Amino acid sequence: MTSVARRSGPARHAGAEAYPGSRREQAPHAAPSRRPPSARPVPARPGNRPARVGARGALAVIIAGAVMVIVLWWHSTPGVHGLGGWLTGAGEVLGLLCGYGVVVLVALMSRLPPLERGLGTDKLARWHAMGGRYIVSLVVAHGLLIVWGYAATAHANVVSESATLLTQYPDVLMATVAGFLLLGIGIVSMRAARRRVRYETWYFLHLYTYLAIALAFSHQLADGAAFVSNLAARFWWSAMYLTVLVLVLWYRIAVPLLSYRRHRFEILGVKAEGPGVISVYIGGRRFEELDAEPGQFFRWRFLTRSLWWSSHPFSLSAAPGSDALRITVKNMGDHSQALARLRPGTRVFAEGPYGAFTPADSGRGVVLLAGGVGITPLRAIFATLPGHVTLIYRASSERDLVFRDELDAIAAARGATVHYLVGSRTEIGGDPLSPRVLRSLVPGLDEQEAYVCGPSGMTSAAVRALRAAGVPRQRIHFESFEF
Ligand SMILES: Cc1cc2nc3c(=O)[nH]c(=O)nc-3n(C[C@H](O)[C@H](O)[C@H](O)COP(=O)(O)OP(=O)(O)OC[C@H]3O[C@@H](n4cnc5c(N)ncnc54)[C@H](O)[C@@H]3O)c2cc1C
């Protein structure tokens, strides 16, 4: 194991501009470029940051909405009689909750800044995935209960009642198609199936959710007992759908287009950092208006013939400069591999900044734990976060360490510590991220804030080790590179 600790001079509390390591943010970028990137890091503008919605606030709003949906059903149901009535009533409540739930799922993915900043994209994606599983189950239960309830009331069998519902009730056929679409998307999104499907295939299949929502919408207003004779309910229900549609169109389409017009992102150059790892330098203008923070990421769409149709998330690997940004990419597949061939002048759409992996100065010491390409956001944070910072960087071989010179320069300039933990477990002779090792590398570890980014296995192991070393859960923050 190589464990190198570097410390030079007393630690200084400083912002991005206060020590040479951070001033050099753009300096090692002597990558081919048509114009040199600025060396000026962008000062933070905390006053202009959008509001953040925390997990509790978001959950409270979602639950309050669900309660209102149940109240709406209660209000529109004069009474429930017999088995058929109970089954139908339960089916109606679940149907309403489905109609509300899909709106919540889409809103979580609408890129609404207070949610993105407050919860972080990976938590939103986890909530979306978990909520999706519930909604698909509710859709199936809604369909079964309604058919069964109607059949019981009409003293018919469920097959003939299904045929009646499909052929004689307005928009039930479309809603059934929507239900099967959602079920199919749910199955493809299950972890086991997802691993076998290419990300792009899964993503484009996922877009059929919008079709399913559109198909089911008119069914809700045409058949839902809560809406048929309640104009106000129809109005507010439609307003809820319209609001989320506008949010999606605005934040996912209009904002990136406007952002391109304002900032004119384009490739300045590409630089090899190590085996299969490159840095891409992106130039433009008015970057101070981006309000990007170290630790955040953008979704990048590179406008070349083969790459324009998909956007991929990559974190900033250096503090944002006033007219240059840097991302660092490991070759993981077709897209990341193709980035090595980007040419200066290529135009780029950048959607962001996103992510809540943005440490604030808590007054505590900070330990940053990076694994592999997870170093990228931590590299930017390491250069800019005030206070005493220790960086632990785990890699399987010396060749896989990227930014070593930069990290040493930053550590020396700000009086911080870097530990490189290099080699396989067998070579090292044990677990390099065990609680004992972590405690020995970081004195007073249990008093510190911890930020972890790396492959999912390493991240979970590191989080467990930090907990075992006494760091409370709320002081452990991690970013996942998988949605
Ligand atoms: C918040 C975040 C920040 C990231 N930052 C970095 C970074 O700084 N450097 C870096 O090298 N990698 C980063 N990644 C990972 C990077 O986005 C993927 O490795 C890359 O998109 C792989 O695409 P591919 O076509 O080359 O590989 P593929 O073989 O197509 O995909 C490999 C895996 O990457 C994920 N992936 C693929 N496409 C996307 C997409 N459009 N959106 C989300 N995930 C996708 C999937 O989990 C997939 O299984 C980040 C990911 C996230 C979610």
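A brief structural summary. Just so we're clear, the structure is a prediction, and the values are computed from it rather than from any experiment. (Residues numbered from 1 in each chain as written. Predicted model: local features only at pLDDT ≥ 70, side-chain atom pairs only at ≥ 80, totals over all residues. Heavy atoms only, no water.)

What follows concerns the overall build of the protein chain. On a plain count of helices and strands, the protein chain comes out with 18 helices and 11 strands. Across the 483 residues of the protein chain, 49% fall into the buried class. Here the contacts in the protein chain between residues at least 6 apart in sequence split such that 73% fall between residues at least 24 apart. (Helix = DSSP H or I, 4+ residues; strand = E, 2+ residues; numbered from the N terminus. Buried < 20%, exposed > 50% of the residue type's maximum accessible area, 1.4 Å probe, protein only. Contact = heavy atoms within 4.5 Å.)

What follows covers the nonpolar core. Counting residues in hydrophobic clusters, the biggest one holds 39 residues, and the most contacted among them are Leu-72, Leu-96, Phe-227 and Trp-237. Within the residue set of this core, elements represented by two or more residues are helix H2 (55–76), helix H3 (82–108), helix H4 (113–119), helix H5 (121–154), helix H7 (172–189), helix H10 (208–223), helix H11 (225–228) and helix H12 (231–263). Ranked by the residues each element gives to this core, the list is headed by H3, at 14 residues. Ile-375, Phe-382, Ala-395 and Cys-453 belong to the second-largest nonpolar core, a separate cluster that totals 27 residues. (Core = buried A, V, L, I, M, F, W, Y, C linked by side-chain atoms within 4.5 Å.)

Looking now at the site of the ligand. Taken together, 23 residues surround the ligand, and among them His-312, Pro-313, Lys-330, Ser-336 and Thr-376 come closest. The side chain of Tyr-199 places a nitrogen or oxygen atom 3.1 Å from a nitrogen atom of the ligand. A distance of 3.4 Å separates an oxygen atom of the ligand from a polar backbone atom of Met-332. Contact with the protein chains hides 86% of the accessible area of the ligand, taken as 880 Å² for the molecule alone. Elements represented by at least two residues in the shell around the ligand include exactly helix H9 (199–206), strand E4 (312–315), strand E5 (324–330) and helix H13 (334–338). Residues belonging to the shell around the ligand are distributed by class as follows: 9 nonpolar, 9 polar and 5 charged. (Near = heavy atom within 4 Å. Polar contact = N/O pair within 3.5 Å; in protein donor to acceptor, adjacent residues only side chain to side chain. Areas by Shrake-Rupley, 256 points an atom, 1.4 Å probe, with all protein chains shown as cover. Nonpolar A, V, L, I, M, F, W, Y, C, P; charged D, E, K, R; others polar.)

Right, let's talk about the pairing of strand E7 (residues 366–371) for a bit. Burial of E7 is extensive: 6 of the 6 residues sit out of reach of the surface. On E7, burial covers both faces: Val-366, Leu-368 and Ala-370 on one face and Val-367, Leu-369 and Gly-371 on the other are all buried. Relative to strand E8 (residues 389–395), E7 runs parallel, the two sharing 6 bridges. From the neighbouring strand, Ala-370 faces E8, where its bridge partner is Tyr-393. One crossover worth recording links E7 to the parallel E8 by way of helix H14 (residues 375–384), and it is right-handed. Pairing of E7 with strand E10 (residues 449–453), which is carried by 5 bridges, proceeds in the parallel orientation. Along E10, the bridge assignment pairs Leu-368 with Tyr-451. (Pairing = 2+ DSSP bridges. Right-handed = clockwise from strand over helix to strand, strands pointing away.)

Bringing H5 into the picture now. In a regular helix each residue adds 1.5 Å, so 34 residues correspond to 50 Å; H5 covers 48 Å between its end C-alpha atoms and thus fits that length. Once H5 ends, the next one or two residues include His-155, with phi positive near 50 degrees. (Expected span 1.5 Å × (residues − 1).)

The next subject is a positive patch on the surface. A surface patch of like charges, here positive, comprises Arg-133, Arg-191, Arg-195 and Arg-196. Looking at the positive patch element by element, the count peaks at 3 residues for helix H8 (residues 191–196). Tracing the backbone through its elements, the reader meets Arg-191 in helix H8. (Patch = residues over 30% accessible without salt bridge, like charges linked within 9 Å, V, L, I, M, F, W, Y side chains within 5 Å. Salt bridge = Lys/Arg side-chain N within 4 Å of Asp/Glu carboxyl O. Lys, Arg positive; Asp, Glu negative; His and termini not counted. Charge placed at Lys NZ, Arg CZ, Asp CG, Glu CD.)

Our next topic: the packing of aromatic side chains. In total, this model carries 16 aromatic pairs according to the counting rule given. Ring geometry for Phe-235 against Trp-236: centres 5.1 Å apart, planes inclined by 80 degrees, an arrangement best described as edge-to-face. Exposure remark for Trp-236: the relative accessible area of 60% places this residue in the exposed category. Three or more aromatic residues joined by ring pairs form one cluster here, namely Tyr-199, Trp-202, Tyr-203, Phe-204 and Trp-309. The ring of Phe-403 carries Arg-379 above its face, with NZ or CZ at 6.0 Å from the centroid. (Phe/Tyr/Trp six-rings, centres within 6.5 Å; stacked < 30°, edge-to-face > 60°. Lys NZ or Arg CZ within 6 Å of the ring centre and 35° of its normal.)

With their axes 10 Å apart at the nearest point, H5 and H7 run at an angle of 145 degrees to one another. For the pair H5 and H7, the sense of crossing is left-handed. Residues Val-136, Val-139 and Val-140 of H5 lie in contact with H7, whose contacting residues are Gly-179, Leu-182, Leu-183 and Gly-186. Among the residues making up the contact of H5 with H7, the classes are represented as 5 nonpolar, 2 polar and no charged. (Axes fitted to C-alpha atoms, helices over the stretch in contact; angles between N-to-C directions. Left-handed = near helix turned anticlockwise from the far one by under 90°.)

Right, let's get into a nonpolar patch on the surface. There is a patch of nonpolar side chains on the surface, built from Leu-242, Leu-245, Val-246, Leu-249, Trp-250, Ile-253, Leu-257 and Leu-258 and spanning about 730 Å² of accessible area. Position of Val-246 relative to the elements: it lies in helix H12. On the accessibility criterion, Val-246 (47% relative accessible area) is partly exposed.

In this section: the sheet that holds E4. In spatial order, the strands read E4-E3-E6; together these 3 strands make up an open sheet with antiparallel pairing. Of all strands in the sheet, those bounded by a partner on one side alone are E4 and strand E6 (348–354). Strand after strand, the sheet turns through a mean of 30 degrees between neighbouring axes, direction not considered. Examined bridge by bridge, strand E3 (residues 297–302) and E4 share 4 bridges and lie antiparallel to one another. Paired with Arg-299 across the bridge in E4 is Pro-313.

By the secondary structure assignment, Lys-123 is in helix H5. For Lys-123, a relative accessible area of 29% corresponds to the partly exposed category. Distance in space between the C-alpha atoms of Lys-123 and Leu-108 is 9.7 Å, their sequence separation being 15 residues.

With respect to the element layout, Ser-336 can be found in helix H13. A polar atom in the side chain of Ser-336 sits 3.5 Å from the backbone oxygen of Lys-330. Once residues lying within four places of it in the same chain are set aside, the contact partners of Ser-336 are Val-329, Lys-330 and Asn-331.

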